[in-house]
Every structure is written in C-alpha cells, then in structure tokens.
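# A closer look at the structure
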Amino acid sequence: MAPDQHPGQTVGTVARLLGISVRTLHHWDHLGVVAPSGRTPGGYRVYSEADVAWARRTLLFRELGMPLADIRDFLSLPAADRRKEMTTRREEVQSRIRQLEELVVSVDRLLAADATGVLLSGPEADVFLGAGWDPGRAAAARERWADSPQWAEYAERSADRTPEEWQEIVAATAEAVQALAAGMRAGLVPGSPGANALAEQHRQAMSAYFHCIVSMHVLIGSLFTAEPDFTASYELTEPGLAAWIQEVINANALARGVDPATAVWG
C-alpha cells in the first residue's frame, strides 16, 4: 500500500454517514468512547468498519438518553446484560411514543378548537347545546377575536371539554339570561344590589368561555343592542331585554369602578 493510502474512512466521511459533527467524533475520541483504530501517515483519524459500527451503536444509545460516559462500559457488557438494558430502553421509547401520540392528539384538538370554537358534531351540538345553538355565531366570534388572548383561552378550554361540560355551560348561560329577564319583569332598577347580582351572575357565566373581566363584560353587553342577531334572541325572551341587560351591565361596571364609556377589551 502506498504511503498516502489507508484502509477505512476519514472522520469527515464518518460524520456525514452518522449525521453528526466532526467535533462530536473528536469529543468521543477524546473520552475514549469511540476511538478510530488507525491513522494516516499524516496523523489523521481513520475509522474501520468495526469503528463505524461501534459509533452507530454509541449514537443509538446516546439518542436513547444514556450518558455518554456509560456507553462504552455498556457496550462492553455481556450480551445478556446488554439485551436486558436494551429491553428496558425500548420500553421507555415506547412510553415516549405513546406520550407524543397523545400530545399530537391534544395539539390537533387545540387547532380544531381554534378553527371552530366548539368540538361537537352537528347531532351532538343539537343534543348538548340545544336547538338554539348557532355555529355561525362561533365563526363570527373567531373572525372578530381570533388574534386575541381571549379566543386562545376559549379554544384551549374548548379542546378539553366534553359534550356534557358544554351542556352545563350553555345551561348556566341560559339560566343567567332567564334570571335577568325575571329581574326586569320584577322591576329591578339597574345599579340596585339585586340587578348588580344578576349582572355578576351573567359575567360568571361568560367566564366559563374565557376569563371575562368587568370591562370585557361591558363590551359584550354592548353587542346585545348593536348586533341584530343578539337583540332578536333576547327580544324573544322578553321585549326590551337586550337594552335592559346592557343597562344592568353598565351600572354594575360603574359600581365596580369601570366607566362603560372607556371600557376596553382585555
């Protein structure tokens, strides 16, 4: 063999084969974990096929989480001990795979909730949200608030909710509206203790969707008279209810130190 020829592969070639850096191979050599068995006449590292195989096994167990300092000793163990350790490591990998698969499902649900608001099929929505549920309302809300922290919170909560939980939330919201309607019929004055309590009951119902602070509640209340669909829905419950609820919400906000004229979202 000529002086410039040598068996095996250079450190650069091995690094490319394994998808790691030359610096990593130098580090492994320094620690004595993967040492090249040869050198060129010029002093460059040369890896034999056995060296490369050892490097592949080292990389495998490094990716499995084994400390680098333990790998050489592990690879020197009797075959039975290596099999036992590899079985344990395999079980750990399978557990991680299951966790990652569950994480993917969670991310998919969150993305779907962000896109649609409520993760219920049409028949489920009819059963658990009631015949009055309008999916277009969620779509309109997303178009308006999609970039807000409140929509993100709404989507995160929606991703984790069961149909039964949605049913409870919708029922609580309907109960709050019915209580407001009863208060109006009873002649409660906006700003009175009883009317303020009803406003707070409604705000708490809204907080099931996202954390609804008083100033947000004011802006939500303004939609009841500004948006025809909202107004029509409340008018079916009680004529004049939409405007009265807005008055009640505004009076409650004033009692809590929030000026409805300067209320902000968030």
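Here's what I pulled together on the structure shown here. Note that the coordinates shown come from a computational prediction; the quantities given were computed from them, not determined experimentally.

## Thoughts on the overall build of the protein
Within the protein, the secondary structure is distributed over 13 helices and 3 strands. Here the C-alpha radius of gyration of the protein, 33 Å, is well above what a compact globule of 266 residues would show, namely 18 Å. For the protein, buried positions account for 34% of its 266 residues. Once local pairs closer than 6 in sequence are excluded, the contacts in the protein between residues at least 24 apart make up 60%. For the protein, the computed accessible surface area is about 15,300 Å², with 56% contributed by carbon and sulfur atoms.

## Considerations on a nonpolar patch on the surface
The grouping of Leu-100, Leu-103, Val-107 and Leu-111 at the surface amounts to a nonpolar patch, some 380 Å² of accessible area in total. Relative to the helices and strands, Leu-100 is located in helix α5 (residues 79-116).

## What to know about the side chain of Asn-252
As for its placement among the helices and strands, Asn-252 is situated in helix α13 (residues 241-255). When neighbours within four sequence positions are excluded, Asn-252 is seen to be in contact with Asn-196, Ala-199 and Glu-200.

## Some words on the nonpolar core
In this structure, Tyr-209, Phe-224, Tyr-234, Leu-241 and Ile-245 are the most contacted members of the largest nonpolar core, which totals 31 residues. Apart from residues no more than four positions distant in its own chain, Ile-245 is found in contact with Leu-180, Phe-224 and Tyr-234.

## With respect to the sheet that holds strand β2 (residues 38-39)
Through backbone hydrogen bonds, the strands of a sheet pair up, either in parallel or in antiparallel fashion. One open sheet accounts for 3 strands, arranged β1-β3-β2; its pairing is antiparallel. Each having just a single partner strand, β1 (9-10) and β2 make up the two edges of the open sheet. Pairing analysis gives 2 bridges linking β1 to strand β3 (residues 45-47), with the strands arranged antiparallel. Residue pairing for β3: Gln-9 is matched across the bridge by Tyr-47.

## Details of the pattern of salt bridges
In the structure shown here, the tally under the stated rule is 8 salt bridges. Arg-39 serves as the salt-bridge partner of Asp-29, at 3.8 Å between the closest nitrogen and oxygen. Residue Asp-29 is found in helix α2 (residues 22-31), and its partner Arg-39 is found in strand β2; the two are separated by 10 residues along the sequence. According to the relative accessible area criterion, Arg-39 is partly exposed, its value standing at 49%. Linking Arg-185 and Glu-238 is a salt bridge whose minimum nitrogen-to-oxygen distance equals 2.7 Å.

## Looking at a negative patch on the surface
Where like charges cluster on the molecular surface, the negative patch consists of Glu-156, Asp-160, Glu-164, Glu-165 and Glu-168. Of all the elements, helix α9 (residues 163-185) adds the most residues to the negative patch, at 3 residues. Classification of Glu-156 by relative accessible area gives partly exposed; the value is 44%.

## Side note on helix α3 (residues 49-63)
Taking 1.5 Å of rise per residue, the 15 residues of α3 would be expected to cover 21 Å, and the 21 Å separating its terminal C-alpha atoms lies within 8% of that figure. Among the residues of α3, Asp-51, Val-52, Ala-55, Thr-58, Leu-59 and Phe-61 are the ones counted as buried. Elements in contact with the buried residues of α3: β1, α1 (11-18), α2, β3, α4 (68-75) and α5. Where α3 terminates, the next one or two residues include Gly-65, which has phi positive at roughly 95°.

Basis of the calculations
- Residues numbered from 1 in each chain as written.
- Predicted model: local features only at pLDDT ≥ 70, side-chain atom pairs only at ≥ 80, totals over all residues.
- Heavy atoms only, no water.
- Helix = DSSP H or I, 4+ residues; strand = E, 2+ residues; numbered from the N terminus.
- Rg over C-alpha atoms; globule rule 2.2 N^0.38 Å.
- Buried < 20%, exposed > 50% of the residue type's maximum accessible area, 1.4 Å probe, protein only.
- Contact = heavy atoms within 4.5 Å.
- Areas by Shrake-Rupley, 256 points an atom, 1.4 Å probe, with all protein chains shown as cover.
- Patch = residues over 30% accessible without salt bridge, like charges linked within 9 Å, V, L, I, M, F, W, Y side chains within 5 Å.
- Salt bridge = Lys/Arg side-chain N within 4 Å of Asp/Glu carboxyl O.
- Core = buried A, V, L, I, M, F, W, Y, C linked by side-chain atoms within 4.5 Å.
- Pairing = 2+ DSSP bridges.
- Lys, Arg positive; Asp, Glu negative; His and termini not counted.
- Charge placed at Lys NZ, Arg CZ, Asp CG, Glu CD.
- Expected span 1.5 Å × (residues − 1).

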